[in-house]
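Spelled out, the chains give:
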Amino acid sequence: MSRIKERQPMPQQPAEERIKNFLEVALGYSEEQALAEAQRCLSCKKKPCVEGCPVMVDIPEFVALAAEGKFLEAAASLKKNNSLPAICGRVCPQEEQCEKFCLLGKTGQPVAIGRIERFVADYEALHSNGNIGEYEGPKDPMLAKYGVAVVGSGPAGLTVAGDLAKMGYSVTIFEALHDTGGVLRYGIPEFRLPRNILNREIEYVQSLGAKIVKNVVIGKTVTIDELLSGGFDAVFVATGAGAPQMMNIPGENLNGVLSGNEWLTRINLMRAFRFPEYGTPLKKPKKVAVIGAGNTAMDCTRTALRVGAEEVAIVYRRSRAEMPARAEEIENAEHEGVKFHLLTNPIRFIGDDKGWLVSMECLKMELGEPDDSGRRRPVPIPGSEFIMEVDTAIIAIGQTPNPLIRTTTEGLKTTRWGGIVIDEATGMTSIPGVFAGGDAVTGAATVITAMGAGKIAAKGIDKYIREKYGLPVPSEEPVQEESKGNGQNP
Amino acid sequence: MKPDTHDCALTAAERSLREIVEAGATNKVLRKEKLSDTIVLFELDNPLIARNAVAGQFVVVRPNTLGERIPLTISDADKVRGTITIIFQVVGRTTMELARIKEGECVPDVCGPLGTPSEIENYGTAICVGGGVGIAFLRPITKALKEAGNEVITILGAREKSLLILENEMRELSDELILTTDDGSYGIKGVVTGPIKEMLDSGRKIDYIFAIGPMPMMRAVAETTRPYGVKTVVSLDPIMIDGTGMCGGCRVTVGGQTKFTCVDGPDFDGHEVDWDELKIRKAYYFAEEQAAKEMAAKEEN
Ligand SMILES: Cc1cc2nc3c(=O)[nH]c(=O)nc-3n(C[C@H](O)[C@H](O)[C@H](O)COP(=O)(O)OP(=O)(O)OC[C@H]3O[C@@H](n4cnc5c(N)ncnc54)[C@H](O)[C@@H]3O)c2cc1C
Ligand code: SF4
Ligand code: FES
């Protein structure tokens, strides 16, 4: 069969339409497209793509099944390592992971692994008659009396909860907000990740027996020590990196200057774009500058367009090559009309006499020597100051772990910037019985790394509880053996 | 969720945390009282919050599934019954919606206790100042200051007599109680700063002042005490969303530094607060809030 160099294009809502709604932008492959795309795969023996996958999904296997039209089997294969495929297919930065290593990428376009993943996961959802996927695996009834508290209901927390509930543990997820999903709900807008998909994944975790208690802030409502002394045998901290970094430049507290978190939370979690039907208000912006160029920044620009902003721009101090957002989202933002002011750094917000933002003073930058991160450091060009008129400035330059847990848990070791220190092999922190994973450990990262950390910690927690209570340690599940084995022996 | 968990044989204080958690908090309104025409009290079933709540902390409440999240100070916590008391003044759409919840019904979302507890010490002589619905929030702090050994003078101010709530309870908690009304319908005619200034001028040794109430009143108290250098702590209530340090919407400038009220406060040194900025920030959504209020008022009729 001759190999087609180009991948199947992703059908999308046209840009001029989609900026008027919050419906999903990417419409997903048709069955024909999924088949055609899957058939591009070479089924490489060495599986280079798998190495790029943080959870080691057996990509050639599920893609081969999809190429044969066995979509349900493909989904089952995918789910051995990835419990949230419909989400990952939509939000993973595949161009930096699996697809980066795809052999086809050397001569043409890599297999659109993420798009096939998404198709397969959606296909399964559609063909399970609204059934959220019964889990029929073995649950060990002996484990039910052991309680595990999971702090945070983002991807890391959901993964741990799902895996431990499958084993038979009594799992309780504590979520600070009134709704679940973490960044998947309050950060990522529904035009990238429709809420029914997120809800379905959460219902699945609940169907496994995990209990979710919302409106509980660990560190405030109860502390980790209290959880441990109050009947829980282990705690998993998956609180993410939720504290917004501000710029600490003059004028930052003017009305009109918001953190990306506030902007997105108002819109995504509180649904302020439907004010006054919903109670949380939103000021309609006209000229918006979003500072930063990560996923949060892109999401801010695109939500700003959808709530009616006339002009939206990214202001970023480095160049295009350093922009950390997913390539597809940068492209989408561009198509939707977002402007990019690169090598530009705001130094001051300027307000009117009533305290409202009217403009922003910026400096032009150029790239100098590489810094610690290996990226070339932006250096200001003297005398390049200029004024940009804006009524709304959204600061999306990064998030750090919230200090709440760190400051209320004695003995919990953290890094200089507040990340929780863990044993990479088990996920255990400096406190026995307390585990952590996801953004709370790594700092702002990705959905799939958070999920991967959850997988490891679930095993670590199981091992810890079994050892603590002298329970028999079951032999490794065959599934894991298989995928590990495959990687090494072609 | 099992309703009526507070009726269990064991009191909330006796049950293990895991039991409490697994039973869940219903946020059922066990008692609803109207303290004045516009001020409403709810006693809510929430043993989890009641366990750890201390003076100066607040909860974030959402009145219904479409509603906004607003902070409300915890005015009392009963660890044995497993309940917390919140008191709010009906001023806008969200509080109107909250006030519609009947006794026996549940508040959908109540999250807390949030914020850093008030610093309670034996300062010597302390003045506790409460204005309007702020009086309700003064109670736990007054109580704590008294228990810490302070001589407590309480000054309560309101626009008119009907808004002067909790007079008897506050009298019991304080060594001395002074009342003021703007219109002179009760107590001293005038505002709370009158008696404060008088006391400071009289040379009486005042070591600590705590003020809670409408922003202009707290600001006026801070301005009154500034020349005398008496430590004056105020409890701020800017716009909030999450209440956990996640959004930064609650930013205030204190002593030239940006603080997140929900985690660094709500108590701050009143002499250090940038009041002009706070006033502007609180009015961020004024137009939208007015529109929403009118809408809610129409619904009410
Ligand atoms: C706007 C935005 C867009 C993004 N886009 C992408 C993308 O396209 N692709 C991608 O791979 N990654 C993306 N990311 C990153 C990704 O979402 C995160 O890396 C991932 O969600 C981290 O998962 P987590 O489970 O560690 O934490 P989170 O998802 O942050 O969840 C943490 C949860 O814990 C709760 N919590 C916090 N503190 C407490 C406490 N004390 N008690 C109880 N609960 C608590 C929080 O409310 C939250 O629900 C994006 C991030 C943002 C902000
Ligand atoms: S590297 Fe690309 S072509 Fe090779 S198996 Fe993986 S997806 Fe298929
Ligand atoms: S209310 Fe969001 S950070 Fe304080």
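All residue numbers refer to position in the chain's written sequence, counted from 1. In the order they appear in the text, chains get letters beginning with A and ligands get numbers beginning with 1. Only residues with pLDDT of 70 or above have their local features reported here, since the model is predicted, and side-chain atom pairs are shown and tallied only from 80 upward, although totals for entire chains, interfaces and linings are computed over all residues. As a rule here, side-chain values come from all non-hydrogen atoms in the structure, and water together with hydrogens is ignored.

1. What about the overall build of chain A?
Point 1. When you go through chain A residue by residue, the secondary structure sums to 19 helices and 16 strands.
Point 2. Relative to the 2.2 N^0.38 estimate, which gives 23 Å for 490 residues, the radius of gyration of chain A is 23 Å and therefore close to what a compact globule would have.
Point 3. Considering only C-alpha atoms, chain A reaches an extent of 70 × 65 × 50 Å along its principal axes.
Point 4. Summary of the burial criterion: residues with accessible area below 20% of their type's maximum are buried, those above 50% are exposed, and those between are partly exposed, where the area comes from a 1.4 Å probe applied to protein chains only. Counting every position in chain A, which comprises 490 residues, the buried fraction comes to 60%.
Point 5. If you take every contact in chain A between residues at least 6 apart in sequence, the share linking residues at least 24 apart comes to 69%.
Point 6. Split by element, the accessible area of chain A, about 19,900 Å² in all, is 53% carbon and sulfur. Put simply, DSSP H or I for four residues or longer makes a helix, DSSP E for two residues or longer makes a strand, and each gets a number counted from the N terminus. We compute the radius of gyration over the C-alpha atoms and compare it with the globule rule, which gives 2.2 Å times the number of residues raised to the power 0.38. We call two residues in contact when some of their heavy atoms are within 4.5 Å. Here the accessible surface of atoms and residues is derived via Shrake-Rupley with a 1.4 Å probe, and residues count as covered only by protein chains that are part of the display.

2. A few points about the nonpolar core
Point 1. Core analysis: the biggest nonpolar cluster contains 77 residues, and I59(A), F62(A) and V120(A) have the highest contact counts within it.
Point 2. Here this core gets nine residues from one element, more than from any other, and that element is helix α18 (residues 447-469) of chain A.
Point 3. Core analysis: the next-biggest nonpolar cluster, separate from the first, contains 34 residues, W263(A), C300(A), V312(A) and Y284(B) among them. Joining through side-chain atoms within 4.5 Å is the link that ties buried Ala, Val, Leu, Ile, Met, Phe, Trp, Tyr and Cys residues into a set, and such a set is a nonpolar core.

3. With respect to the interface of chain B and chain A
Point 1. Taken together, the contact between chain B and chain A spans 50 residues of the former and 56 residues of the latter.
Point 2. The term buried area denotes the loss of accessible surface (1.4 Å probe radius) that occurs when two parts are joined, taken as the sum for both partners. Buried area between chain B and chain A, summed over both chains or domains, comes out near 4,300 Å², and the portion from carbon and sulfur atoms is 55%.
Point 3. Of all residues in chain B, R18(B), M246(B) and Y284(B) bury the most surface against chain A, accounting for 18% of the area lost on that side.
Point 4. Only one rule defines a salt bridge in this text: a Lys or Arg side-chain nitrogen within 4 Å of an Asp or Glu carboxyl oxygen. Linking chain B to chain A there are two salt bridges.
Point 5. Residues adjacent in sequence count toward polar contacts only when both atoms are side-chain atoms; beyond that, a polar contact is any pair of N or O atoms within 3.5 Å, and within protein one must be able to donate a hydrogen and the other to accept it. Along the contact surface separating chain B from chain A lie 29 residue pairs in polar contact (both at pLDDT 80 or more).
Point 6. When residues of the side of chain B that touches chain A are traced back to their parent elements, those giving at least two are α1 (17-23), α2 (47-52), β6 (109-114), β13 (251-254), β14 (257-260), α9 (275-282) and α10 (286-300) of chain B.

4. Thoughts on the confidence of the model for chain B
Residues and elements named next belong to chain B.
Point 1. Per-residue pLDDT for chain B has a mean of 90; in total, 95% of the residues score no lower than 70.
Point 2. Throughout residues 1-9 the model reports pLDDT below 50, and contacts reaching past four residues in sequence, or to other chains, amount to 16 contacts.
Point 3. Taken together, the chains of this predicted complex give a pTM of 0.92 and an interface ipTM of 0.91. In predicted models, pLDDT denotes the confidence assigned by the predictor to each residue on a 0 to 100 scale.

5. Some words on the environment of V160(A)
Residues and elements named next belong to chain A.
Point 1. Its place among the elements puts V160 in helix α9 (residues 155-167).
Point 2. Sequence-wise, V160 and V441 are 281 residues apart; in three dimensions their C-alpha atoms are separated by 15 Å.
Point 3. When residues no more than four places from it in sequence are discounted, the contact partners of V160 are V150, F236, G454, A457, A458 and I461.

6. Structural notes on the packing of aromatic side chains
Point 1. Pairing of aromatic rings covers Phe, Tyr and Trp, the last through its six-membered ring, and needs centres within 6.5 Å; plane angles under 30 degrees mean stacked, over 60 mean edge-to-face, and all others mean tilted. Per the counting criterion, the structure on display carries twelve aromatic pairs over all chains.
Point 2. Residues W356(A) and Y284(B) carry aromatic rings whose centres are separated by 5.2 Å and whose planes lie at 75 degrees to one another, so their mutual orientation is edge-to-face. You can see W356(A) sitting in the loop between β10 (344-351) and β11 (357-370) and its partner Y284(B) sitting in the loop between α9 and α10, one on each of two chains.
Point 3. For Y284(B), a relative accessible area of 6% translates into the label buried.
Point 4. Aromatic side chains Y284(B) and Y285(B) sit 4.4 Å apart centroid to centroid with 10 degrees between the ring planes, which places their arrangement in the stacked category. Y285(B) matches Y284(B) in its accessibility class, with the two residues each being buried.

7. As for the site of ligand 2
Point 1. Every residue close to ligand 2 is listed here: C41(A), L42(A), C44(A), P48(A), C49(A), P60(A), C102(A), L103(A) and I113(A).
Point 2. Amino acids are sorted into nonpolar (Ala, Val, Leu, Ile, Met, Phe, Trp, Tyr, Cys and Pro), charged (Asp, Glu, Lys and Arg) and polar (every other residue, Gly among them). Looking at the shell around ligand 2 residue by residue, the class counts come to nine nonpolar, no polar and no charged. Put simply, a residue is near a molecule or strand once any heavy atom of it comes within 4 Å of that molecule or strand.

8. Description of the sheet that holds strand β6 (residues 257-259) of chain A
Residue and element names in this part refer to chain A.
Point 1. When DSSP finds two or more bridges between a pair of strands, those strands are recorded as paired. Spatially, the five strands line up as an open sheet ordered β6-β14-β7-β8-β9, and their pairing is parallel. The open sheet is flanked by β6 and β9 (339-341), the only strands paired with a single partner. Here the average twist between neighbouring strands, direction ignored, is 25 degrees.
Point 2. Of the strand pairs in this sheet, β6 and strand β14 (residues 392-395) are connected by three bridges, and their pairing is parallel. When the bridges of β14 are listed, V257 appears paired with A393.
Point 3. On the sheet, helix α14 (residues 295-306) packs against β7 (287-291), β8 (311-315), β9 and β14 and is oriented at approximately 170 degrees with respect to β8. Lines fitted to C-alpha atoms define the axes, with helix axes restricted to the stretch in contact, and inter-axis angles between N-to-C directions lie between 0 and 180 degrees.

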